[in-house]
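Report on the structure
Chain residues, written in single-letter form:
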Amino acid sequence: MSLPDRYSSSPAPRAGYSLRTLNRACQAATGHTAKECIDDRVVLEAKRLLAHTDLAVAAISRRLGFTEPTNFGKFFCRATGQAPGAFRAQERP
């Protein structure tokens, strides 16, 4: 299994496990792949940062490991159904 650069800091290599072992463990525990588990966590952190900080969307995207803000926007929209700016506006009346 090959993961994008933002996943390189995943716990598997640091703990001495292969990504395949991590993937099997995640699937056994949650029914989801390691990538899906990590993506869920990234979306949760993105929502937290958008709702509770004044950081620019580009700064949030860099903080979460995306090389381009547009990639973050596409990722967030695919996961939540709305753009990061629209989510922020909804959460912060």
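Please read all numbers here as calculations on a predicted model, not as lab measurements.

1. Regarding the overall build of the chain
Regarding its fold elements, the chain presents six helices and zero strands. A buried classification covers 30% of the 93 residues belonging to the chain. Counted over contacts in the chain with a minimum sequence separation of 6, partners at least 24 positions apart contribute 46%. Working note: accessible area of the chain is about 5,900 Å², and carbon and sulfur atoms make up 53% of it.

2. Focus: the packing of helix α3 (residues 34-52) against helix α5 (residues 69-80)
The N-to-C vectors of α3 and α5 enclose an angle of 105 degrees; their axes lie 11 Å apart at closest approach. When the axis of α3 is compared with that of α5, the two are roughly perpendicular. Between α3 and α5, the contacting residues are Asp39, Val42, Val43, Ala46, Lys47 and Leu50 on the first element and Phe72, Phe75, Phe76, Ala79 and Thr80 on the second. In terms of residue class, the contact of α3 with α5 is built from eight nonpolar, one polar and two charged.

3. A word on the nonpolar core
Grouped together as the largest cluster of nonpolar side chains are 13 residues, with contacts concentrated most on Ile60, Leu64, Phe66, Phe72 and Phe76. Of all the elements in the fold, those that place two or more residues in this core are α3 and α5. Residue contributions to this core peak at six residues, all from α3. If we skip the residues at most four places from it in the chain, phenylalanine 76 touches Val43, Ala46, Lys47, Leu50, Gly81, Gln82, Ala83, Pro84 and Phe87.

Definitions and limits used
Residues numbered from 1 in each chain as written. Predicted model: local features only at pLDDT ≥ 70, side-chain atom pairs only at ≥ 80, totals over all residues. Heavy atoms only, no water. Helix = DSSP H or I, 4+ residues; strand = E, 2+ residues; numbered from the N terminus. Buried < 20%, exposed > 50% of the residue type's maximum accessible area, 1.4 Å probe, protein only. Contact = heavy atoms within 4.5 Å. Areas by Shrake-Rupley, 256 points an atom, 1.4 Å probe, with all protein chains shown as cover. Axes fitted to C-alpha atoms, helices over the stretch in contact; angles between N-to-C directions. Parallel < 35°, antiparallel > 145°, perpendicular 65-115°, else oblique. Nonpolar A, V, L, I, M, F, W, Y, C, P; charged D, E, K, R; others polar. Core = buried A, V, L, I, M, F, W, Y, C linked by side-chain atoms within 4.5 Å.

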